[in-house]
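So the chains spell out like this:
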Amino acid sequence: MSSPGSFLSDIKNIRARARQHLTQGAVTSNYGGNVEDAITLLNHAVATEIVCVLRYKFHAVCATGLASEAVKQEFAQHAKEEEAHLDLLAERINQLGGKPNLSPDGLLSRAASEYTEGENLVDMIKENLVAERIAIETYREMVRYFGERDPTTRVMLEHILAQEEEHANDMHDLLVSHEGRPMLEK
Ligand SMILES: [Fe+2]
Ligand SMILES: [Fe+2]
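Residues numbered from 1 in each chain as written. Chains lettered and ligands numbered in written order. Predicted model: local features only at pLDDT ≥ 70, side-chain atom pairs only at ≥ 80, totals over all residues. Heavy atoms only, no water.

**A few points about the overall build of the protein chain**
Formally: Numbering goes from the N terminus for both helices and strands, where a helix is a DSSP run of H or I of at least four residues and a strand is a run of E of at least two. Three labels apply to residues, based on accessible area from a 1.4 Å probe with only protein chains included: buried if under 20% of the type maximum, exposed if over 50%, partly exposed otherwise in between. Residue contacts follow a heavy-atom distance rule, with two residues in contact if any of their heavy atoms lie within 4.5 Å. Note that accessible areas follow from Shrake-Rupley with a 1.4 Å probe, and for residues the cover is restricted to the protein chains shown. His residues and chain termini do not enter the charge count, which takes Lys and Arg as positive and Asp and Glu as negative. To locate a charge, take atom NZ for lysine, CZ for arginine, CG for aspartate or CD for glutamate.
Each helix and strand counted, the protein chain has six helices and zero strands in total. In sequence order, the secondary structure elements of the protein chain are arranged as α-α-α-α-α-α. Buried residues in the protein chain amount to 38% of all 186 residues. Across the protein chain, the fraction of contacts at a sequence separation of at least 24, relative to all contacts at a separation of at least 6, is 78%. Working note: accessible area of the protein chain is about 11400 Å², and carbon and sulfur atoms make up 53% of it. One finds the centroid of the 19 positive side-chain charges in the protein chain at a distance of 8 Å from the centroid of its 30 negative side-chain charges.

Structure follows, in structure tokens:
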């Protein structure tokens, strides 16, 4: 640990370094990680979110049946929130000096989640629960990776992760009420 005095004397150097490499924008010399790796990882998450937006939108439109109205609304709400995650990730990639990969080419191979239509309402709910569980696991890994290397990205990912956990919980609740049996193991 450096003393407060040495931190203050470093200010001169910090100021000098800030004037160099202005083209790197928010990425300064003490960025803890490898920027290219960070952008690659974030672009995988971008692809995952796009697939989730598309799947939830499909389900929101195609869910049919007497009991489906509340579920449709939940799917539509999740589609919006996945889109907000996509925006956050794309903005962060831009801040790091990268390009968000929004190309439809090879989208599914970049994404961790799958695009599955499902044959009925319960199937759709299950597929979304599976996708949320995949998202939770990948975001948790990413939070660990970014750790102290890049706290800004980590905090953003923690926020997204918390929302994916809510999504999984919503899907689990819907599954319980629509399957008519408890899903928790005894
Ligand atoms: Fe998401
Ligand atoms: Fe989600």
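**Regarding the coordination of the iron ion (ligand 1)**
Applicable threshold: Note on donors: an N, O or S atom is included if it sits within 2.8 Å of the metal, or within 3.2 Å for Na, K and Ca, and water is never included, so sites can look incomplete.
Protein-derived ligands of the iron ion (ligand 1) are E49 (OE), E49 (OE), E82 (OE), H85 (ND1) and E164 (OE), with the metal-ligand distances lying across 1.9 to 2.3 Å. Considered as a linear motif, the donors of the iron ion (ligand 1) on their single chain read E-x32-E-x2-H-x78-E.

**Details of the coordination of the iron ion (ligand 2)**
Coordination sphere of the iron ion (ligand 2), protein contribution only: E82 (OE), E132 (OE), E132 (OE), E164 (OE) and H167 (ND1), at 2.0 to 2.3 Å. Taken in sequence order, the residues that donate to the iron ion (ligand 2) follow the motif E-x49-E-x31-E-x2-H.

**Examining a nonpolar patch on the surface**
Put simply, the test is: Patch definition: residues above 30% relative accessible area lacking any salt bridge, with like charges linked at up to 9 Å and the nonpolar side chains Val, Leu, Ile, Met, Phe, Trp and Tyr linked at up to 5 Å. Take a side-chain nitrogen of Lys or Arg and a carboxyl oxygen of Asp or Glu: if they are within 4 Å of each other, that pair is a salt bridge.
Together, L54, L108 and Y115 make up a nonpolar patch on the protein surface, roughly 280 Å² of accessible area in all. Of the residues examined, Y115 reaches a relative accessible area of 34% and is grouped as partly exposed.

**Describing helix α5 (residues 121-146)**
Just so we agree on the cut-off: A helix's residues, less one, multiplied by 1.5 Å, set its expected span. Polar contacts here mean pairs of N or O atoms no more than 3.5 Å apart (in protein, one a potential hydrogen donor and the other a potential acceptor; neighbouring residues in sequence count only if both atoms are side-chain atoms).
For α5, spanning 26 residues, the distance from its first C-alpha to its last is 37 Å, which sits close to the expected 38 Å at 1.5 Å a residue. Measuring from the backbone nitrogen of V122 back to the side-chain oxygen at the start of α5 gives 3.2 Å, which picks out N120 as the cap. Remark: G147 follows α5 within two positions and exhibits a positive phi of approximately 30 degrees.

**Focus: the nonpolar core**
What counts here: Here, the term nonpolar core denotes a set of buried Ala, Val, Leu, Ile, Met, Phe, Trp, Tyr and Cys residues that are joined through side-chain atoms within 4.5 Å.
Residues L42, F75, L89, I125, Y139 and L157 are the most contacted members of the largest nonpolar core, which totals 41 residues. Contributing elements (two or more residues each) for this core: α2 (35-62), α3 (69-95), α5 and α6 (151-179). Per element, the largest residue contribution to this core is eleven residues, and it comes from α5.

**Quick look at the side chain of H59**
In this fold, H59 is placed in helix α2. Exposure remark for H59: the relative accessible area of 0% places this residue in the buried category. There is a polar contact of 2.9 Å between the side chain of H59 and the side chain of N128. Apart from the residues within four sequence positions on either side, H59 is in contact with F75, T116, E117, M124, E127 and N128.

**A closer look at the confidence of the model for the protein chain**
Operational definition: Known as pLDDT, the predictor's per-residue confidence is scaled from 0 to 100.
Taken as a whole, the protein chain shows an average pLDDT of 91; of its residues, 93% reach a score of 70 or greater. At the low end of the mean pLDDT range in the protein chain sits helix α1 (residues 4-19), at 78; at the high end sits α3, at 97.

**Overview of the packing of aromatic side chains**
The cut-off we apply is this: Two aromatic rings, drawn from Phe, Tyr or Trp (for Trp, its six-membered ring), form a pair once their centres lie within 6.5 Å of each other, and the interplanar angle then sorts them: stacked below 30 degrees, edge-to-face above 60, tilted otherwise. Note on criteria: charge over ring means Lys NZ or Arg CZ within 6 Å of the ring centre, with the direction from the centre no more than 35 degrees off the ring normal.
Summed over all chains, the structure comprises three aromatic pairs. Seen in terms of ring centroids, Y145 and F146 are 5.1 Å apart; in terms of plane orientation they differ by 90 degrees. Their pairing is edge-to-face. Judged by its relative accessible area of 27%, Y145 is partly exposed. Stacked on the ring of Y56, the Lys or Arg R55 has its end atom at 5.2 Å from the ring centre. Taking the ring centre of Y145 as reference, the NZ or CZ of R149 above it sits at 4.2 Å.

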